[in-house]
Amino acid sequence: MNLNLTSGIKMPDHQLRRQVIALCEKVGKPLLKLSTKDYVDNGMMHLVEQFDGKAGLVNIEVFNELQHTITGWPGGKPDADDTLRPERALPYPKRVIVFSPHPDDDVISMGGTIRRLMQQGHDVHVAYETSGNIAVGDEEVRRFMHFTNGFNTIFANGSDEVIKHYYQWVKEFLKNKQEGDYDNEQILRLKGLIRRGEARLACEYNGIDSKHIHFLDLPFYESGKIEKLPMSERDVLPIIDLISTIQPHQIYVAADLADPHGTHRKCTDAVLAAIDEEHNRGAAWLDDCRVWMYRGAWAEWDVADIEMCVPMSPEELREKRNAILRHQSQMESAPFLGNDERLFWQRAEDRNRETAKKYDALGLACYEAMEAFVEWHR
């Protein structure tokens, strides 16, 4: 079983698009205003010559390519000509699995697209690949333990001895914990439970059925440390079981390979390895399944690489923010925000607005924000 498939991810070969977009950025013009002189002055007359010597034809070719990446129907538009659309119209509705490395990457990276898929009637599942437990601060555990103890007091007059015992135990453990100490298994499970609850709240906000939320808790993550365990077949088997059961028409995976702790890369390797294994087994459902790669809080696709771009209105961007805010443990107190002082919802909004600005600068429709995807080919 090949467990390192992300090393083979290649960007689409959109060479014409890439060169013309670079020219637009250099001369500060939208696509349809590039002149023959712009091409000549920048040593790109050979592109114009490929289009009967007419710069306008080059411009229109690239403009149309980018225009056709924009869609408000990420699952495909039923009863519509899909010849020039990034996603096929049929089947409708589609079964969809969104793989999320941590319990918030789904809404950070493609929260607007998830809501569109739900509103347009598709059967959406979200699979959280890791528990995300090491990214929960101790104060979050204290907060929930105070609530649990208060609940016991209000509704059971403090008679639940299990709650009383573990309330004291957790208080003492965290009180005596020194800087650099690792959490034990019980504390890690509590932190994982906190993140599960937040993920459920975000899914509920987006209208996803509780039966369609899957917590895979891949073993490689459960080291209790920043440095994770090596990925193995044990991490792939739960994903094989999930995709073979659901047999989706769309799979969304994280390709945010700049994730500083490497979790995203391992998670994506596990998904691609599962798809590869299903292919080797001759799974017929894969013939009608497309895999879309998204990026998250750390980077965005180059415009020249984008193959599907889902626009959002100001209201839809606010709804995406609301879903991200359900992950309260990942706000100001999250341990791994990095050197970027922006919160995750701020990073997501800035990134989505920047994508929209780039499309606008190229002379395409001007939206509030956009989420971008690249198709993965085996």
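Structure shown above.
The notes below deal with the structure included here. (Residues numbered from 1 in each chain as written. Predicted model: local features only at pLDDT ≥ 70, side-chain atom pairs only at ≥ 80, totals over all residues. Heavy atoms only, no water.)

The full count for this structure, using the stated rule, is 0 disulfides. Here C267 is not cross-linked by a disulfide; its sulfur's nearest cysteine counterpart is in C203, at 16 Å. For C267, a relative accessible area of 0% puts it in the buried group. With no disulfide of its own, C309 lies closest to C366 among cysteine sulfurs, the gap being 13 Å. By relative accessible area, C309 is classed as buried at 0%. (Disulfide = S-S within 2.5 Å. Buried < 20%, exposed > 50% of the residue type's maximum accessible area, 1.4 Å probe, protein only.)

With that out of the way, let us pick up the packing of aromatic side chains. Applying the stated rule across the entire model yields 7 aromatic pairs. Residues Y166 and W169 carry aromatic rings whose centres are separated by 6.3 Å and whose planes lie at 75 degrees to one another, so their mutual orientation is edge-to-face. Placement of both Y166 and W169 in helix α7 (residues 161-176) is noted, with a separation of 3 residues, approximately one turn of the helix. Ring geometry for W169 versus F173: centroids 5.7 Å apart, planes at 25 degrees, classification stacked. A residue pair is termed a helical-turn pair when its members lie 3 or 4 positions apart in one helix, as W169 and F173 do in helix α7 at 4 residues. Assessed through its relative accessible area of 28%, W169 is described here as partly exposed. Among the aromatic residues, those joined into a ring-pair cluster are F147, F151 and F155. One Lys or Arg, K228, reaches over the ring of Y221 and ends 4.7 Å from the middle of that ring. Its guanidinium or amino end placed over the ring of W301, R295 lies 4.1 Å from that ring's centre, counting from NZ or CZ. (Phe/Tyr/Trp six-rings, centres within 6.5 Å; stacked < 30°, edge-to-face > 60°. Helix = DSSP H or I, 4+ residues; strand = E, 2+ residues; numbered from the N terminus. Lys NZ or Arg CZ within 6 Å of the ring centre and 35° of its normal.)

This part is about the nonpolar core. Ranked by internal contacts, the top residues of the largest apolar core, which has 65 residues, are Y39, F99 and I251. Among the elements that line this core, the one with the most residues is helix α10 (residues 263-280), at 7 residues. In contact with I251, other than residues within four places in its own chain, are I97, F99, I243, V271, I275, W285, C289, R290, V291 and W292. Counting residues in each nonpolar core, the second largest holds 20 residues, with V124, V126, C203 and A254 among its members. (Core = buried A, V, L, I, M, F, W, Y, C linked by side-chain atoms within 4.5 Å. Contact = heavy atoms within 4.5 Å.)

End to end, α7 covers 23 Å across 16 residues, agreeing with the expected 22 Å (1.5 Å per residue, within 8%). Residues Y167, V170 and L174 constitute the buried set of α7. Taken around the axis of α7, the buried residues stretch over an arc of 75 degrees, which confines them to a single face. Away from its buried face by more than 90 degrees, α7 exposes E161 and K175. Against the buried residues of α7 lie α6 (138-156) and α8 (185-205). Where α7 starts, the residue carrying a side-chain oxygen 3.0 Å from the main-chain nitrogen of V162 turns out to be D160. (Expected span 1.5 Å × (residues − 1). Arc of directions from axis to C-beta. Polar contact = N/O pair within 3.5 Å; in protein donor to acceptor, adjacent residues only side chain to side chain.)

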